[in-house]
Each structure stands twice: as structure tokens, then as C-alpha cells.
Amino acid sequence: MMCVNQNGGYLCIPRTNTLYRSPYRNPYLPAAASPLAPPLVASNFPSPPRPLICRFGYQMDENSHCVDIDECASDSHQCNPTQVCINTEGGYTCSCTEGYWLLEGQCLDIDECRYGYCQQLCANVPGSYSCTCNPGFLLNSDGRSCQDMDECTTENPCVQSCVNTYGSYLCRCEPGYELEEDGVNCNDMDECSISEFLCQHECVNQPGSYYCSCPPGYTLLDDSRTCQDIDECDTRNNTCTVEQTCLNIPGGHHCVDPVHCDEPYLQLNDNRCMCPVENPTCRDQPFTIVHRHMDILSNSRVPADIFQMQATSRYPGVYYIFQIKSGNEGREFYMRQTGPISATLVLTRPIKGPRDLTLDLEMVSVNTVVNFRGSSIIRLRIFVSPHSF
């Protein structure tokens, strides 16, 4: 027989086989011999049957074919318990599942969180990882990135206005409301308690706003805070008779009766009374009484000059003394002489209205040449308005 080497084995063929031409030289043939030599006489001994042999990693099946051995299925592999067996043609390989790497024969878990697989929050688990997002964000479909959640459109926790921010939200209140400490609810803001200068008279709070009101006798101006006096005398919205004189004061009006001069005075005109010098009873009485009226605001600032009194003429050797003869029991006024023939009535204390005061302002004339002393009275009626505006 002649030995012929094959891939993974060898063949023994008769030397008389002329159909096969081996590329290999048989080292056991003599140098002079040639595979093309004439055939020898065949031996009379019978040839034993040659067993078929499969190469390593294969086995014979029932059809005498060499098929691959699945070492992984037959548990004949040598992989570490932490490894995964993968069958190959004629053998097998040991590997690791996804999420593990092979290090010195062992499959170790890969910490994906160290490599920034997640955009925000990462939790490593054996063989894998899990991404989550911070409050106010939603996990995208890729399982890694996060997108801002618009709380104003999804849940809108605010009572009034909601403003979405990156990762959160802010609650806002409408004008006239203020945000509570919980950052969600809104309380009505009492604007009237913030400042006393919002309204000239009275501030009325209402939900989300306020308005100013005026007392009777006033009307609210276009600025919605200032009160303007209504002149009842001009609009004829008063209760005065034809004989009376209508006197408008801030917030109302007064009906002033006609001047009536008591004996021994004679009436010279609508507001002047005179005591004749030829009448003996007039010697100790003021020569004239002039009736005047005016109004002042309640709680006016002091000191304040409110009325001026002056002599109509000046004679040689005559000097004048001005004083409050009556009506100043509360010491709210005093006379300040401003010149030889004039003086001013000064308000020294605030007067709260409404009040009706009558002062007799006396001008005393003294003549040192003829030793004469006389006086004149201005009877001043002062109406104090009920308000300070």
C-alpha cells in the first residue's frame, strides 16, 4: 500500500492505482523506483477494512459522515461559570454577555454610569444600567436623554398663572393678588393697607383691586383718587330760601340768614351795623359791627394766616390796637399786628370739623391828642368743613 497524507488524516491506497497521482513522494520507495513502475503481483492476503476517522471537533453520524460536535449543548466545554459558551465549527469559544467584559478569564460587570451613558441620573445594575430624569423632566424614547416637562400644560398646579421653566415651573398671580408661601395659591392683596395715600378720602378693597370713594358733597375726579367739592350753591342743589345767602363750604353748604342789627344799632347795608354817636347808649359800644363769614378746612395745618383786618383811614395822633374780643375760648386763634393800621388773624391749633365759630375781632382807635378812644368790630363767622380737603 502507499500512504497519502490528507488534510486532517491520511489514506492508504494500492500502489497499483493508476488513477491517483499523489503530489507527495513516498519516502519508503527506493530511489530508482517510480510510481509509474509496472504493477507488482498482487498479494494473496485479504486487505483488512480501514476505519473512518473524523478530525478533532467532529464526530461520525449514522450516515458515516463527520458532523460538528456542539460542545456547548453537550456541556463538554471548559468555559468559566461566569462565561457564555458559543459553539463554532469544529470547536467553541468562551465569551461574556452584553454588559460584561472578559478580564483574566472572568466576566466582570461594565459600569455604564462611569461612561456617561445617561444624560441625567444613572443606576448601574448587573449586566446593564437604567437611566432616569430629575423631577421636571421626562425620559425620551432612546432611554438615555431627558426633555423638559411642561408642567403648565400637563398638570398646571398653579391657582392663577403658570410659567414653565427648564425643569420646573413658577406660579404667578394676577394684578391685585400676591403669592402665598406655598408658591401655588394667590391671596387678595389689600392695597388699602399698603399706603394711606392711595385715596384722598376712603380706600375700599375688593378682590384683586380697590377703589376710592368720596364723602357726600364731593365727586371723584378722573384720577380715581381725588375728591372735588360740589358747589351746591352754584348747582342750586341746596336748601336755602330766597332771603338767605348760600355759602358753599368743602363738602356741603350753609344758608346764612340776612344780617339783623339789634338796638341801638342801625343797619347801613347788608352786612354793616352802626351805632349813632348822638345816641347816649352808643358811647360804650363799638361804633360799627361788620359781619363777615368764611370757611376753613378741618384739621388745617398750623400756624396759618386766615383773615386780615385793616383800618380804612389813618388820622394824625391816632394809633390802633387789634385784639380778639370774644369767641376764642379754646385759644385756637390770636391777632398778630402786621403794621400800624393792620393785623392778621392766625390759626394756632387745628380745629376738627364740622364746627361753626363766631369771633368778634376788635380794632381799638386811640387818639392821644383829644383823649379819644373808640372801637369797631368785625363779627367773623367761621365754618369748619367736615373734611380736610
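Fair warning: this is a prediction, and the values are worked out from it, not measured in the lab.

(A) Spatial organisation of the state of the cysteines. Tallying each qualifying case throughout the model produces 17 disulfides. Each sulfur in the disulfide pair C133 and C146 lies 2.0 Å from the other. Between C133 and C146, the S-S torsion sits near -90°, and that sign places the bridge as left-handed. Note that C133 is positioned in the loop between β10 (128-132) and β11 (137-139) and C146 in strand β12 (residues 146-148), a separation of 13 residues in sequence. Taking relative accessible area as the criterion, C146 reaches 8% and is therefore assigned buried. Disulfide pairing places C152 opposite C162 at an S-S distance of 2.0 Å. The sign of the S-S torsion, about -75°, decides the handedness of the disulfide formed by C152 and C162: left-handed. Within this pair, whereas C152 is found in helix α1 (residues 151-154), its partner C162 is found in strand β13 (residues 161-165), the two being separated by ten residues in sequence. By relative accessible area, which is 17% here, C152 ends up buried. There is no disulfide at C3, and the cysteine sulfur nearest it, in C12, is 5.3 Å away. Residue C12 is classed as partly exposed on the basis of its relative accessible area of 36%.

About the thresholds
- Within every chain, residues take consecutive numbers counted from 1 along the sequence as written.
- Residues qualify for local features only when their pLDDT is at least 70, as the model is predicted, and side-chain atom pairs are given and counted only at 80 or more; totals for whole chains, interfaces and linings, by contrast, use all residues.
- As a rule here, side-chain values cover all heavy atoms of the structure and leave hydrogens and water aside.
- In this description, the term disulfide denotes a pair of cysteine sulfurs within 2.5 Å.
- In this text, helices come from DSSP runs of H or I with a minimum length of four residues, and strands from runs of E with a minimum of two, each type numbered from the N-terminal end.
- Only protein chains enter the area calculation, which uses a 1.4 Å probe; residues under 20% of their type maximum are buried, those over 50% are exposed, and those in between are partly exposed.

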